[in-house]
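Here is how the chains run, residue by residue.
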Amino acid sequence: MAATIKFSHSYDKMPAGWYLSKLLDVLPVKLEDLSPEFLKYDTFIEGDEYYKLPKKGDYMILLLRSTARTDDEGNVLEPSQLWTTIRRRTPEKEKYYRGLIGQVVNCKIVKE
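This is a predicted model, so every value here is computed, not measured.

1. Points about the overall build of the chain
On a plain count of helices and strands, the chain comes out with two helices and nine strands. When the elements of the chain are put in sequence order from the N terminus, they spell out β-β-α-β-β-β-β-β-β-α-β. In terms of overall dimensions, the chain is globule-like: its C-alpha atoms have a radius of gyration of 15 Å, near the 13 Å expected for 112 residues. On the principal axes, the C-alpha backbone points of the chain span a range of 50 × 35 × 30 Å. Burial status across the chain gives 32% buried among its 112 residues. Here the contacts in the chain between residues at least 6 apart in sequence split such that 78% fall between residues at least 24 apart.

2. Description of the pattern of salt bridges
Under the criterion given, the structure shown has six salt bridges. Between Asp-42 and Lys-13 there is a salt bridge, with its nearest N and O atoms 3.0 Å apart. A residue pair is termed long-range when its members are at least 10 positions apart, and Asp-42 in helix H1 (residues 36-43) and Lys-13 in the loop between strand S1 (4-7) and strand S2 (20-30) qualify at 29 residues. When sorted by exposure, Asp-42 lands in the same class as Lys-13, which is buried. One salt bridge in this structure joins Glu-37 and Lys-40, with 3.1 Å as the shortest N-O distance. Here Lys-40 and Glu-37 lie together in helix H1, a separation of three residues that amounts to about one turn. Accessibility expressed as a relative area gives 55% for Glu-37, which makes it exposed.

3. Some words on the sheet that holds strand S9 (residues 104-109)
Judged by pairing direction, the sheet is mixed, and its five strands sit side by side in the order S1-S9-S2-S5-S8 without closing on themselves. A strand with exactly one partner marks an edge of an open sheet, and here the two such strands are S1 and strand S8 (82-88). The mean angle between the axes of side-by-side strands here comes to 40°, regardless of whether they run parallel or antiparallel. Examined bridge by bridge, S1 and S9 share four bridges and lie parallel to one another. For Ile-5, the partnering residue across the bridge sits in S9 and is Cys-107. Contacting strand S5 (58-66) and S8, H1 crosses the sheet at an angle of about 95° to S8. Most of the contacts of helix H2 (residues 91-98) go to S2, to which it runs at about 145°, and overall it touches S1, S2, S5 and S8.

Criteria and cut-off values
Residues numbered from 1 in each chain as written. Predicted model: local features only at pLDDT ≥ 70, side-chain atom pairs only at ≥ 80, totals over all residues. Heavy atoms only, no water. Helix = DSSP H or I, 4+ residues; strand = E, 2+ residues; numbered from the N terminus. Rg over C-alpha atoms; globule rule 2.2 N^0.38 Å. Buried < 20%, exposed > 50% of the residue type's maximum accessible area, 1.4 Å probe, protein only. Contact = heavy atoms within 4.5 Å. Salt bridge = Lys/Arg side-chain N within 4 Å of Asp/Glu carboxyl O. Pairing = 2+ DSSP bridges. Axes fitted to C-alpha atoms, helices over the stretch in contact; angles between N-to-C directions.

Written out as structure tokens, the structure is:
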């Protein structure tokens, strides 16, 4: 059974086929080193608001590739796309996500 990466909202960054994505890499970052443009891209919630992140801290960027959407004959209707998500970095979380590199994971929105 595939692992699941949970999201609290539907984000504008989510491409077609986002719900099944391959985790390509886990990139440790400091929030204060990320550009305002990248932070806006990654945190924009569909509608007109942004997910609130602190001004600084240890985080990770998960680099994902969505699943291409094809028709019954195998013709590509929507190609796979790279996309990201920012996650708080702890040793346990980093180990968990690094263990998923190369795997297709289920991505889903979970309202808590």
